[in-house]
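Chains, contacts and geometry: an overview
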Amino acid sequence: MKNTKIEWCDSTWNPVTGCYHGCEYCYARKIVKRFGGNDKLSTFRAFQCNWRRADGNKGLFYDEASREKPMLFVIDKPLFLPSRLDKQKTKKYGRQIFENKKAPYPFDFNPTFHRYRLDEPSRWTKPRTIFVCSMADLFGSWVPDSWIEEVFAACEKAPQHRYLFLTKNPQRYRELERALKLPKRDNMWYGSTLDNMNAQRYPGRPLYNTFVSIEPLLEYMDVGLGSFGADKWAIIGAETGNREGKVTPKKEWVDKICEAADLTHMAVFMKDSLIPIVGEGNMRREFPWGRMCLNE
Ligand code: SF4
């Protein structure tokens, strides 16, 4: 059932992909580059017609002069990579066989609403803990309310699962709450992601079921986690990969966050990337819903 390497969830589900925050260490952008890429777009243009820009404009590329207006895409059916020769089948059938391959990120890292993915949770009958939109910021300022509402509606159609949301723009939670568009249910969890003390603070009182994901931890943080909107859970992780300028956190930085979490009785989950820093024996893998492991 587990379909992700992310330790604190069972599955990821990406009805929306793409993000404009531009974090230097972004893992999602790297994945998209590996599986997508603008070089493929011209071919799509020739072969596909079941996509559109969310603003109704059929133009494919940014006008650099109006870059402040984000380009958003909506896809109602999967797009496919152009046919390519399937060598194994060709050999087996003695004639040339071409295979189409689904394109997970046909518009590169531009925000894209894959509407055809909305029913995936309904098809998963066994309960899962799902990280919603691991390849996007669903609550980025550029995302239309209507996309978010459709995602929430899909979650409500499959109440057997637990849904974890994360954003670098927690202000949007508050705006949606004020507009009575934010569901408050036991199985919906709203998280803020941050990497340093300057991250966006959370205005007002915490929402129902909130958490914070501090990853990658880039500096010593001496601040109450409540100011970032978390009341139940803190996930902590170090940067992975070999990026130039990569920051390796110190054990004291991790200890300080644990201290802040303990003060308000929050659960702490340390990602495996912290093992070399704090030591296996000091790792904490707690969940706020009282489970000590996933896939129970
Ligand atoms: S917020 Fe997340 S998805 Fe967006 S650029 Fe930063 S790391 Fe990437």
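Describing the pattern of salt bridges
Enumeration according to the criterion identifies 20 salt bridges in this entry. Ionic pairing is found between Arg123 and Asp119, a salt bridge with its closest N-O pair at 3.2 Å. Residue Arg123 is classed as exposed on the basis of its relative accessible area of 55%. In this structure, the salt-bridge partner of Glu259 is Lys256, at a minimum N-O distance of 3.3 Å. With Glu259 and Lys256 both in helix α7 (residues 251-263), this residue pair falls three residues apart, about one helical turn. Among the charged side chains, a network of salt bridges with common partners joins Asp145, Glu149, Arg172 and Lys181.

Description of the environment of Lys181
When you line up the elements, Lys181 lands in the loop between α6 (171-178) and β10 (188-194). A relative accessible area of 28% means that Lys181 is categorised as partly exposed. Taking the C-alpha atoms as reference points, Lys181 and Asp145, separated by 36 residues in sequence, lie 8.7 Å from one another. Excluding residues within four positions of it along the chain, Lys181 makes contact with Asp145, Glu149, Phe152 and Leu176. At a separation of 2.9 Å, a polar atom in the side chain of Lys181 contacts the side chain of Asp145.

Let's talk about the sheet that holds strand β12 (residues 233-236)
Strands sit in the order β1-β8-β9-β10-β11-β12-β13 across an open sheet of seven strands; the sheet is parallel. Two strands bound the open sheet, and with one partner strand each, they are β1 (11-13) and β13 (267-270). Here the average twist between neighbouring strands, direction ignored, is 25°. Here β1 runs beside strand β8 (residues 129-132); their pairing, made up of three bridges, is parallel. Bridging from a neighbouring strand, Thr12 pairs with Phe131 of β8.

As for the nonpolar core
Formed by 37 residues in total, the largest nonpolar core has its most connected members in Trp13, Val132, Leu138, Tyr163 and Phe165. Of all the secondary-structure elements, those providing two or more residues to this core are α1 (27-35), β8, α5 (145-157), β9 (162-167), α6 and β10.

Focus: the site of the ligand
Near the ligand, the surroundings consist of Cys19, His21, Gly22, Cys23, Cys26 and Lys168. Partitioned by chemical class, the residues of the shell around the ligand number three nonpolar, two polar and one charged.

Structural notes on the side chain of Asp137
Relative to the elements of secondary structure, Asp137 occurs in the loop between β8 and α5. Notably, Asp137 is buried but unbridged: the nearest opposite-charge side chain belongs to Lys168, and the N-O separation is 7.0 Å.

Rules used throughout
Residues numbered from 1 in each chain as written. Predicted model: local features only at pLDDT ≥ 70, side-chain atom pairs only at ≥ 80, totals over all residues. Heavy atoms only, no water. Salt bridge = Lys/Arg side-chain N within 4 Å of Asp/Glu carboxyl O. Buried < 20%, exposed > 50% of the residue type's maximum accessible area, 1.4 Å probe, protein only. Helix = DSSP H or I, 4+ residues; strand = E, 2+ residues; numbered from the N terminus. Contact = heavy atoms within 4.5 Å. Polar contact = N/O pair within 3.5 Å; in protein donor to acceptor, adjacent residues only side chain to side chain. Pairing = 2+ DSSP bridges. Axes fitted to C-alpha atoms, helices over the stretch in contact; angles between N-to-C directions. Core = buried A, V, L, I, M, F, W, Y, C linked by side-chain atoms within 4.5 Å. Near = heavy atom within 4 Å. Nonpolar A, V, L, I, M, F, W, Y, C, P; charged D, E, K, R; others polar. Lys, Arg positive; Asp, Glu negative; His and termini not counted.

Worth remembering: the numbers are spatial, not functional.
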